[in-house]
Amino acid sequence: MRLRPHNLVILMSDEHNPKMLGCYGHDLVQTPNLDRFAARGTRFGTTYCGSPVCIPARAVFHTGRYIHRLGFWDNADPYDGSAPSWQHVLRDAGHHVAAIGKLHFRSAADDNRFSEEIITMHVVDGLGDLMGLVREDLPRRGSSKKMATLAGPGESDYTRYDRNIAAEAERWLREEAPKHRDRPWVLMVSFVAPHFPLTAPADFYNLYPPDGLALPKQYARGERPQHPYLKDYADSFAYDDYFENDGQVRRAITGYYGLCSSMDDNCGRVMRAIEDCGLGAETRILYTSDHGDNVGARGLWGKSTLYEEAAAVPLIVAGDGIPAGAVCSTVASHVDCYPFILEAVGLPVAADDMTPLRCSIAHLAVGAAPERTVLSEYHGMGSTTAAFMIRHGRFKYVHYVKYAPQLFDLGADPEELNDLAGEFAYREVLAECRLRLMSLCDPEDADRRAKARQAVSLAKNGGREAVIARGDLGYSPPPGVAVEFS
């Protein structure tokens, strides 16, 4: 298929668990704007990020390449504009490409290949999370208590920042878009919700009375899976250790739900502005998130695991040439967004042998490539070993370089409650999945290269004790907000 050239607005949230939208089947979380958007476009039932943490996930989204091919391994290895991205191609071809909000690249001083950056958030000091460079004898994170203590109704630097992002997007659509009528433009609007702090504006927090909420699945300590990778992460971030009772857990979940609804409201503002400015017929819209969030499932909070809650993301696209009111059952990946973004404005997509099996989501939406293997991987904070996930058909395989693998049959067990990796009946499935992973990458080589780069960076920044003494942020501050390490 061939798309007619149109403008494109990319709406990206941060840390949005794909299970937590009305259009994805959640019976409590209210996301009316995204639900209406899905009804007039195509919703992808299963999509995976490139890596379940901010900097690598965003590097994959912008470059369309897997992390083991790209580098930018972790949250102390920020994208610096050097690797080819869709904004490179667009700007070089004469298209105006604007970014508003969170990018989490190294610095606005770099040429990140946007035509303009407006109130963009980048990593602190151009360095990011240096503590994440420590990959053995993991330090305990000082900011972890913020997950519990900041949960509740109110305003935060993040909620104020998101409203400013929406306001700047509205202004850009009114004032700047008319200046670029000669060829299609791309506007990326990147919000920070529902990333913690779990402080949600009261109007949205109050939609969800905490007393009525169920506790997360496998939350009881006796129910939690005991895989050593999960223990490494939970011991380092220790978010759950600071919840003193079930009421505080429910308060945190309420804060997350409220932030999902607040983010949806800001998306609605941008989508209404597109229509009010008369741009609806000539503008496609894509919504996704950089990665998900565990939100208490299995006693885990934040991201950094390869469960569906953290590694999967929502993905919805609408506009000319995109099936309306459709759900795409083909598994997708953020690498598939790269060719779509180019096609959306009328540019050809060059073949890329560095990203096997990549396919534009516009083609997936009309039934192309139904049988696929997609990949997500992790090399960062809270882990002592590289982790790789492939999804093929109903099976999901998770490979750890130094730990036993996991295997889930998501057709029969969509909540990933039963790890089949040790069962004799699934030995052939496990072997096939491993071969599929090996056809995409060499896990041991990637783990070795990631840790070698991290060791060099750790030494450059003073070594283990120095980066631990620098402290832990928990979350990056918006532009103009003071940095506070824990």
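Thresholds, definitions, all that
Residues numbered from 1 in each chain as written. Predicted model: local features only at pLDDT ≥ 70, side-chain atom pairs only at ≥ 80, totals over all residues. Heavy atoms only, no water. Helix = DSSP H or I, 4+ residues; strand = E, 2+ residues; numbered from the N terminus. Expected span 1.5 Å × (residues − 1). Contact = heavy atoms within 4.5 Å. Polar contact = N/O pair within 3.5 Å; in protein donor to acceptor, adjacent residues only side chain to side chain. Buried < 20%, exposed > 50% of the residue type's maximum accessible area, 1.4 Å probe, protein only. 1 Å grid on protein atoms, 1.4 Å probe; cavity = no way out; pocket = protein on both sides within 12 Å on 5 of 7 lines; lining within 4 Å. Points joined across faces, edges and corners; volume = space filled by probe spheres on them. Nonpolar A, V, L, I, M, F, W, Y, C, P; charged D, E, K, R; others polar. Pairing = 2+ DSSP bridges. Axes fitted to C-alpha atoms, helices over the stretch in contact; angles between N-to-C directions. Parallel < 35°, antiparallel > 145°, perpendicular 65-115°, else oblique. Disulfide = S-S within 2.5 Å. Salt bridge = Lys/Arg side-chain N within 4 Å of Asp/Glu carboxyl O. Arc of directions from axis to C-beta.

(A) Representation of helix 6 (residues 157–176). Along its 20 residues, helix 6 runs 27 Å from first to last C-alpha, staying within 8% of the 28 Å computed at 1.5 Å per residue. Residues of helix 6 that are buried make contact with strand 4 (97–102), strand 5 (116–121), strand 7 (186–194), strand 8 (199–200) and helix 9 (246–276). Between the side-chain oxygen of the N-cap and the backbone nitrogen of Tyr158 there are 3.1 Å, and the N-cap of helix 6 in question is Ser156.

(B) Here's a closer look at the environment of Tyr307. Of note, Tyr307 is situated in the loop between strand 9 (283–289) and helix 10 (308–311). When its relative accessible area of 4% is taken as the criterion, Tyr307 is described as buried. Spatially, the C-alpha atoms of Tyr307 and Val398 are 9.1 Å apart, while their sequence positions differ by 91 residues. When near neighbours in sequence (up to four residues on either side) are disregarded, Tyr307 contacts Pro225, Leu230, Asn294, Arg298, Ala312, Lys396, Gln406, Phe408 and Glu416. A polar contact of 3.3 Å, which involves the side chain of Tyr307, links it to the side chain of Gln406.

(C) The arrangement of empty space enclosed by the protein in detail. Using the criterion set out here, one finds two cavities of 30 Å³ or more in the structure. The calculated volume of the largest cavity comes to roughly 260 Å³. What lines the largest cavity is a set of 26 residues, among which Asn75, Asp129, Met381, Gly474 and Tyr475 lie closest to the centre. A per-class count over the lining of the largest cavity returns eleven nonpolar, nine polar and six charged.

(D) Local environment of the sheet that holds strand 10 (residues 312–313). Taken in spatial order, the three strands of this open sheet run 10-3-13, and their pairing is mixed. With partners counted over all chains shown, the strands left at the sheet margins are strand 10 and strand 13 (332–333), one partner each. In terms of strand pairing, strand 3 (residues 47–48) meets strand 13 through two bridges, oriented parallel. Bridge pairing in strand 13 links Thr47 to Ala332.

(E) Inspection of the packing of helix 6 against helix 9 at higher detail. The geometry of helix 6 relative to helix 9 is characterised by a closest axis approach of 8 Å and an angle of 10 degrees between their N-to-C directions. Here helix 9 runs roughly parallel to helix 6, going by the angle between their axes. Together, Thr159, Asp162, Arg163, Ala166, Ala167, Ala169, Glu170 and Leu173 of helix 6 and Leu259, Asn266, Arg269, Val270, Ala273 and Ile274 of helix 9 make up the contact between the two elements. Here the residues of the contact of helix 6 with helix 9 sort into eight nonpolar, two polar and four charged.

(F) The arrangement of the state of the cysteines in detail. Taken as a whole and assessed by the stated rule, the structure comprises zero disulfides. This cysteine, Cys23, is not joined by any disulfide, and Cys267 carries the nearest cysteine sulfur, 11 Å off. Note on Cys23: relative accessible area 17%, which makes it buried. Distance from the sulfur of Cys337, which forms no disulfide, to the nearest cysteine sulfur (Cys49) is 11 Å.

(G) Just the sheet that holds strand 1 (residues 7–14), in detail. The sheet built from eight strands is open, its strands ordered 5-4-7-1-9-11-2-12 with mixed pairing. Each of the sheet's edge strands pairs with one partner strand only, and the pair in question is strand 5 and strand 12 (326–328). Direction aside, the axes of adjacent strands within the sheet are offset by 15 degrees on average. In this structure, strand 9 lies alongside strand 11 (residues 315–318), joined through four bridges in antiparallel fashion. Each residue of the ladder has a partner; that of Thr288, found in strand 11, is Leu315. Strands strand 2 (42–44), strand 9 and strand 11 of the sheet are contacted by helix 1 (residues 32–39), whose axis makes an angle of about 55 degrees with strand 11.

(H) Structural detail: the pattern of salt bridges. Taken as a whole and assessed by the stated rule, the structure comprises 41 salt bridges. For Arg58, the salt bridge is made with Asp14, and the minimal N-O distance between the two is 3.2 Å. Highlighted residues: Arg58 in helix 2 (residues 54–63) and Asp14 in strand 1, separated in sequence by 44 residues.

(I) Main features of the packing of helix 1 against helix 9. Packing of helix 1 against helix 9 brings their axes to within 7 Å, and their N-to-C directions diverge by 50 degrees. Considering their axes alone, helix 1 and helix 9 lie oblique with respect to each other. Residue-level contacts link Pro32, Asn33, Leu34 and Phe37 of helix 1 to Met263, Asp264, Asp265, Cys267, Gly268, Met271 and Arg272 of helix 9. Grouping the constituent residues of the contact of helix 1 with helix 9 by class yields six nonpolar, two polar and three charged.

(J) View of helix 8 (residues 228–237). Considered for burial, the residues of helix 8 that qualify are Tyr229, Leu230, Asp232, Tyr233, Ser236 and Phe237. The arc that holds the buried residues of helix 8, viewed along the axis, is 155 degrees, so those residues lie on one side. Contacts made by the buried residues of helix 8 are with strand 14 (373–378), strand 15 (387–392) and strand 16 (395–400). Immediately beyond the C-terminal end of helix 8, within one or two residues, lies Ala238, with a positive phi of roughly 55 degrees.

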